[in-house]
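# Observations on chain architecture
Here are the chains, one letter per residue:
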Amino acid sequence: MAIRIGDVAPDFTAETTQGTINFHEWLGDSWGILFSHPKDFTPVCTTELGMAAKLKPEFEKRNVKILGLSVDPLESHKEWEKDIEETQGAEVNFPMIADPERKVATLYDMIHPNASDTFTVRSVYIVGPDKKVKLVLTYPASVGRNFAELLRVIDALQMAENYQVATPANWKPGEDVIISLAVSNEEAKDKFPAGWKEVKPYLRLTPSPDKQKSETKTA
Ligand code: BEZ
C-alpha cells in the first residue's frame, strides 16, 4: 500500500554498508531521509550518491540522517562506492541498504512494475523525529534528484513544524512566511512581533520567525 504523508514510516531491520540498522532505532531523535537507487553501477545514481555525500554536513546541520537503498547485495555496494569516490570525489559517508530480496523496496512501494519489474524508481521519504512521513517524492529512473531542493524542503518542513507558518511558492530560508490560518490576528500579535502584511485576510506574510525578536516557537 502506498505510504502517505502523516503515516508512521514503516519500521524495518536491514543490512547496510555500515552494519545492520533498525530504522526507527537508527533515527533516534533525528529527522531522516530515505532514498532509493534503481541499481548499483548506474550513472545517474553515481552522481546522486556523490552529491549526497558532499552535502552530508548540510543535512547534519538540520539534524537529518541520510539512508540510501539499492536492491543489489552488500559486496556490490562496496565495490560501487569505490567508483563513486573515484569519479565524484566524495566518500559515501552514510549507510546504503542492500536489499537484494526487495524487502524494504516492497515495504516502501519503491518498485513500480509498469516502470520496471526489477529497478526501483527514485523514491524520497523524509521522516520526522516522531517517525512520521513528512514528504514523499517519486522520480523516474532517468531523472537525477535535486539535492538543493531536498535541503530547501527540509528547511520549509522544519520552519512549519517549529512555528505556526507555511511557506509560499519558491520560498527560500530567510524569506517571508505565511501565518497559519489557525492563528487569529490576536494570537499573531504575540507570535509574530514584527507584524505582518495582510494581502488578504487569509494571506498574511510575516518575516522569517527565527529572525523575529520574541520566542515564537510553538514546541
Ligand atoms: C541511472 O542511475 O543512471 C539509471 C538507472 C536505471 C535506469 C536508468 C538510469
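Residues numbered from 1 in each chain as written. Predicted model: local features only at pLDDT ≥ 70, side-chain atom pairs only at ≥ 80, totals over all residues. Heavy atoms only, no water.

Surrounding the ligand, one finds Pro38, Thr42, Pro43, Val44, Cys45, Phe119, Arg122 and Ala141. Here Pro43 contributes a backbone N or O atom positioned 3.1 Å from an oxygen atom of the ligand. At 2.6 Å, a backbone N or O of Val44 approaches an oxygen atom of the ligand. Taking 260 Å² as the accessible area of the ligand by itself, protein coverage stands at 80%. Sort the elements by how many residues they give to the shell around the ligand and helix H2 (residues 43-54) lands first, with 3 residues. Looking at the shell around the ligand residue by residue, the classes come out as 6 nonpolar, 1 polar and 1 charged. (Near = heavy atom within 4 Å. Polar contact = N/O pair within 3.5 Å; in protein donor to acceptor, adjacent residues only side chain to side chain. Areas by Shrake-Rupley, 256 points an atom, 1.4 Å probe, with all protein chains shown as cover. Helix = DSSP H or I, 4+ residues; strand = E, 2+ residues; numbered from the N terminus. Nonpolar A, V, L, I, M, F, W, Y, C, P; charged D, E, K, R; others polar.)

The next point concerns the environment of Glu91. Along the chain, Glu91 falls in the loop between helix H4 (74-88) and strand S5 (96-98). Separated by 42 residues in sequence, Glu91 and Leu49 place their C-alpha atoms 9.1 Å apart. Those residues in contact with Glu91 that sit more than four places away from it in its chain are Ala53 and Glu85. (Contact = heavy atoms within 4.5 Å.)

Right, let's talk about the sheet that holds strand S10 (residues 197-200) for a bit. The 4 strands lie next to each other as S8-S9-S11-S10, forming an open sheet whose pairing is antiparallel. Lying at the two open borders of the sheet, with one neighbouring strand each, are strand S8 (165-166) and S10. Pairing of S8 with strand S9 (residues 177-179) involves 2 bridges; the strand directions are antiparallel. Its bridge partner lying in S9, Ala166 is registered against Ile178. (Pairing = 2+ DSSP bridges.)

The next thing to look at is the pairing of strand S4 (residues 64-70). Looking down a regular strand, the side chains alternate between one sheet face and the other. For S4, a buried count of 6 out of 7 residues is recorded, marking the element as mostly surrounded by other parts of the structure. Bridge count for strand S3 (residues 31-37) against S4 is 7 bridges, and the pairing is parallel. Across the sheet, the residue bridging to Ser36 is Leu69, located in S4. Summarising the sheet, S4 and S5 pair through 3 bridges and their orientation is parallel. Paired with Gly68 across the two strands is Met96, which belongs to S5. For the crossover from S4 across H4 to S5, the handedness is right-handed. (Buried < 20%, exposed > 50% of the residue type's maximum accessible area, 1.4 Å probe, protein only. Right-handed = clockwise from strand over helix to strand, strands pointing away.)

Pairs can form between side chains of opposite charge whenever their charged atoms are close. Within the structure shown, the criterion is met by 14 salt bridges. Arg145 is the salt-bridge partner of Glu48, the closest N and O atoms lying 2.7 Å from each other. On the criterion of sequence distance, the pair formed by Glu48 in helix H2 and Arg145 in the loop between strand S7 (133-139) and helix H6 (147-162) is long-range, its members being 97 residues apart. According to the relative accessible area criterion, Glu48 is buried, its value standing at 3%. (Salt bridge = Lys/Arg side-chain N within 4 Å of Asp/Glu carboxyl O.)

Next up on the list: H2. Taking 1.5 Å per residue as the helical rise, H2 with its 12 residues ought to reach 16 Å, and the 17 Å between its terminal C-alpha atoms agrees with that figure. Of all the positions in H2, only Cys45, Thr46, Glu48, Leu49, Gly50, Ala52 and Ala53 are classed as buried. (Expected span 1.5 Å × (residues − 1).)

Along the chain, the position of Gly32 falls in strand S3. The buried category is assigned to Gly32, whose relative accessible area is 0%. Expressed as a C-alpha distance, the spacing of Gly32 and Lys131, which sit 99 residues apart in the sequence, is 8.7 Å. In this structure, Gly32 is in contact with Leu27, Val64, Lys65, Tyr125, Ile126 and Val127, ignoring residues within four places of it in sequence.

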